[in-house]
Amino acid sequence: MEMWLFLCIFAADMAKEQSATKERQRTDLREPKRYKVTIYNDDFTTMEFVVMILKVVFFKSEADAQTLMLQVHHADKAIVGIYSYDIAVSKVNKATQMARDAGFPLRLTYEPEDA
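What you see is a predicted model, and the numbers here were worked out from it, not measured in a lab. (Residues numbered from 1 in each chain as written. Predicted model: local features only at pLDDT ≥ 70, side-chain atom pairs only at ≥ 80, totals over all residues. Heavy atoms only, no water.)

## Structural notes on the environment of Tyr35
Logical step 1: Among the structural elements, Tyr35 can be located in strand 1 (residues 34-40).
Logical step 2: Setting aside residues up to four positions removed in sequence, Tyr35 forms contacts with Gly81, Ile82, Tyr83, Ser84, Tyr85, Ala88, Tyr110, Glu111, Pro112 and Glu113. (Helix = DSSP H or I, 4+ residues; strand = E, 2+ residues; numbered from the N terminus. Contact = heavy atoms within 4.5 Å.)

## Here's the deal with the packing of helix 2 (residues 47-56) against helix 4 (residues 85-101)
Logical step 1: Closest axis-to-axis distance for the helix 2/helix 4 pair is 11 Å, and the angle between their directions is 145°. In terms of crossing hand, the pair formed by helix 2 and helix 4 is right-handed. Taken together, the residues of helix 4 that come into contact with helix 2 (itself represented by Phe49, Met52, Ile53 and Val56) are Ala95, Met98 and Ala99.
Logical step 2: Taken together, the residues of the contact of helix 2 with helix 4 sort by class into seven nonpolar, no polar and no charged. (Axes fitted to C-alpha atoms, helices over the stretch in contact; angles between N-to-C directions. Left-handed = near helix turned anticlockwise from the far one by under 90°. Nonpolar A, V, L, I, M, F, W, Y, C, P; charged D, E, K, R; others polar.)

## So, the sheet that holds strand 1
Logical step 1: One open sheet accounts for three strands, arranged 2-1-3; its pairing is antiparallel. Only two strands of the sheet have a single partner each, and these edge strands are strand 2 (77-84) and strand 3 (107-112). When the angles between neighbouring strand axes are averaged without regard to direction, this sheet yields 25°.
Logical step 2: Two elements, strand 1 and strand 3, share six bridges in a ladder whose sense is antiparallel. (Pairing = 2+ DSSP bridges.)

## Examining unusual backbone geometry
Logical step 1: Even without being a glycine, Phe59 presents a positive backbone phi close to 55°.
Logical step 2: Given the relative accessible area of 66%, Phe59 is considered exposed.
Logical step 3: A positive phi angle, near 75°, is found at Asp76, a position not held by glycine.
Logical step 4: Here Asp76 is to be found in the loop between helix 3 (62-75) and strand 2.
Logical step 5: In this structure Asp76 comes out as partly exposed when scored by relative accessible area, which is 47%. (Buried < 20%, exposed > 50% of the residue type's maximum accessible area, 1.4 Å probe, protein only.)

## Re the nonpolar core
Logical step 1: Formed by 24 residues in total, the largest nonpolar core has its most connected members in Val37, Ile39, Phe58, Leu106 and Leu108.
Logical step 2: Looking at this core, the elements that each hand over two or more residues are strand 1, helix 2, helix 3, strand 2 and helix 4.
Logical step 3: Considering each element in turn, this core owes the most residues, five residues, to helix 2.
Logical step 4: What Phe58 contacts, discounting residues up to four positions off in sequence, is Val37, Ile53, Val80, Tyr83, Lys91, Ala95 and Leu108. (Core = buried A, V, L, I, M, F, W, Y, C linked by side-chain atoms within 4.5 Å.)

Set out below in structure tokens:
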């Protein structure tokens, strides 16, 4: 009888501990930090190339790419998207490499969204 009581108490304690652990795990999860990608104007990169980058790398529609390109042209920069860290870095690196391969000095950066 004592062994049965011990096992019941032990099982109840284990269930409470597992429940508390699961609750702690749920509250420790946070949304990943987001990063904004900015593209900058320069006097050498063609407008057509900027539109192509916006369409190919950032998956913008023709209309959105044209609008962003004009914003970059007139305001010297534009935020082209907000992404998780890995995606922001990947897109900046891909666009920068494509620009260098084409002989353009196009500059893109990424920074935390709340910066």
